[in-house]
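# Notes for the structure review
Each chain is listed here by its residues.
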Amino acid sequence: EPEVTQTPSHQVTQMGQEVILRCVPISNHLYFYWYRQILGQKVEFLVSFYNNEISEKSEIFDDQFSVERPDGSNFTLKIRSTKLEDSAMYFCASRRGEGSGGRNIQYFGAGTRLSVL
Amino acid sequence: AQSVTQPDIHITVSEGASLELRCNYSYGATPYLFWYVQSPGQGLQLLLKYFSGDTLVQGIKGFEAEFKRSQSSFNLRKPSVHWSDAAEYFCAVGATGGGSNYKLTFGKGTLLTVNP
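Described in the following lines is the structure provided in the data block. Position numbers for residues count from 1 along each chain, tracking the sequence in the order it is written. Each chain gets a letter, beginning with A, and each ligand a number, beginning with 1, in the order they are written. Thresholds applied to this predicted model are a pLDDT of at least 70 for local features of residues and 80 or more for the giving and counting of side-chain atom pairs; totals over whole chains, interfaces and linings are not thresholded and use all residues. For side-chain calculations, the full set of non-hydrogen atoms in the structure is used, while hydrogens and water are omitted.

The next point concerns the packing of aromatic side chains. Here a pair means two rings of Phe, Tyr or Trp (six-membered ring of Trp) with centres within 6.5 Å. Their orientation is stacked below 30 degrees between planes, edge-to-face above 60, and tilted elsewhere. Enumeration according to the criterion identifies 22 aromatic pairs over all chains in this entry. Between the aromatic rings of B:Phe63 and B:Tyr89, the centroid separation amounts to 5.6 Å while the plane-to-plane angle is 45 degrees, which identifies the pairing as tilted. Taken as a pair, B:Phe63 in the loop between β7 (56-58) and β8 (64-68) and B:Tyr89 in strand β10 (residues 87-94) lie far apart in primary sequence, 26 residues in all. Since its relative accessible area comes to 1%, B:Phe63 is described here as buried. Relative accessibility under 20% of the residue-type maximum defines a buried residue, over 50% an exposed one, and the middle range a partly exposed one, all with a 1.4 Å probe and only protein chains included. A residue is classified by how much of its surface remains accessible, and B:Tyr89, at 2% relative accessible area, is buried. For the pair B:Phe90 and B:Phe106, a centre-to-centre distance of 6.3 Å together with 85 degrees between the ring planes defines the contact as edge-to-face. Pair noted here: B:Phe90 is in strand β10 and B:Phe106 is in strand β11 (residues 104-106), with a separation of 16 residues, a long-range link. As far as burial versus exposure is concerned, B:Phe90 and B:Phe106 are alike and both buried. Aromatic ring contacts, followed pair by pair, group A:Tyr33, A:Tyr35, A:Phe45, A:Phe91, A:Phe108, B:Tyr32, B:Phe34, B:Tyr36, B:Phe51, B:Phe90, B:Tyr102 and B:Phe106 into a single cluster. Above the plane of the ring of A:Tyr31 lies A:Arg95, whose end atom (NZ or CZ) is 4.0 Å from the centre. The helix count covers DSSP runs of H or I at least four residues long, the strand count covers runs of E at least two residues long, and both are numbered beginning at the N terminus. Charges are assigned to positions over rings by a cutoff of 6 Å between ring centre and Lys NZ or Arg CZ, combined with an angular limit of 35 degrees from the ring normal.

Turning our attention to the sheet that holds strand β1 (residues 5-7) of chain A. All names here are of chain A. A pair of strands is treated as paired once DSSP finds two or more bridges between them. Across the sheet, which stays open at both edges, the four strands sit in the order β1-β3-β8-β7 with antiparallel pairing between neighbours. Unpaired on one side and paired on the other, β1 and β7 (65-68) mark the two borders of the sheet. Looking at each pair of strands side by side, their axes are set apart by 20 degrees on average, direction ignored. Of the pairings in the sheet, the one linking β7 to strand β8 (residues 75-79) comprises four bridges and is antiparallel in character. From the neighbouring strand, Val67 faces β8, where its bridge partner is Leu77. Convention adopted: a line fitted to C-alpha atoms gives each axis, helices being fitted over their contacting stretch, and angles between N-to-C directions are expressed from 0 to 180 degrees.

Moving on, we come to the state of the cysteines. When two cysteine sulfur atoms are found within 2.5 Å, that pair is recorded as a disulfide. Applying the stated rule across the entire model yields two disulfides over all chains. A sulfur-sulfur separation of 1.9 Å characterises the disulfide bridge that pairs A:Cys23 with A:Cys92. Measuring handedness by torsion sign, the sulfur bridge of A:Cys23 and A:Cys92 sits at about -65 degrees and is left-handed. Separated by 69 residues along the polypeptide, A:Cys23 in strand β3 (residues 19-24) and A:Cys92 in strand β9 (residues 88-95) bring together distant segments of the chain. Assessed through its relative accessible area of 0%, A:Cys92 is described here as buried. Two residues share a disulfide in this structure: B:Cys23 and B:Cys91, whose sulfurs sit 1.9 Å from each other.

Turning next to the interface of chain A and chain B. Contacts: residue pairs with any heavy atoms within 4.5 Å of one another. In this complex, chain A contributes 20 residues to the contact, which on the side of chain B involves 20 residues. Summed over both partners, the accessible area (1.4 Å probe) lost when two parts come together is defined as the buried area. Summed over the three residues of chain A that lose the most area to chain B, namely A:Lys42, A:Asn104 and A:Phe108, the buried surface amounts to 28% of that side. By definition, a salt bridge exists where a carboxyl oxygen of Asp or Glu is found within 4 Å of a side-chain nitrogen of Lys or Arg. Applying the counting criterion to the chain A and chain B interface returns one salt bridge. When the shortest N-O distance is used, the salt bridge between A:Glu56 and B:Lys103 registers 2.9 Å. By the criterion applied in these results, polar contacts are pairs of N or O atoms within 3.5 Å in which, for protein atoms, one can donate a hydrogen and the other can accept it, and in which residues neighboring in sequence qualify only through two side-chain atoms. Across the contact surface, chain A and chain B share four residue pairs in polar contact (both at pLDDT 80 or more). Counting only elements with at least two residues in the side of chain A that touches chain B, the list comes to β4 (31-37), β5 (43-50), β6 (53-57), β9 and β10 (106-108) of chain A. In terms of residue class, the side of chain A that touches chain B is made up of eight nonpolar, eight polar and four charged. All residues other than Ala, Val, Leu, Ile, Met, Phe, Trp, Tyr, Cys, Pro, Asp, Glu, Lys and Arg, Gly among them, are scored as polar; the first ten of these are nonpolar and the last four charged.

Here's what the structure looks like:
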């Protein structure tokens, strides 16, 4: 069964460093998302991406964050200068596309745990 | 703005007992509703979904949920819990409508412990 793949599973970085979290969405999906979950808190929407551009972003997604689909398979989240409060689990998700029913299901990866020291 | 409330942070049940996890949502139109499960070290796995039609939906692993518009609820149920059901359960509402990105808003989750 197709799945969303995220690497690495755990990333440790120093405050102020840049990190890139990588995701390989399901191959025929068109919409891509990043969510994060700070320990003990709810899963929060960060950004959605379609047709090579951001379609919506939350207030969390400030100028320190960027997303990119550098090729036909990868979808990346970059944090330019990490802060302690960026420590969280980051989930990538993808969705097939327009239409009703199953095309609106988001499939999630296993997540990348980011630890900022 | 959409929101989800899961009133129970932690529930403990005995194996074989029935289970109901509560979820209340707030959304201005007919929502898309989901339950996801997260086992330790794993991602979010979709248990079931409601888009329209029959308000009682069946999911994987023997779970079901009932959409009650009048109560703005989408409670998850299972008649007989197995030890492998121990995990964290998240209810989510998805925005609908033309041009929507269908972003999901999650509840805080309910941690399920199953006693032998």
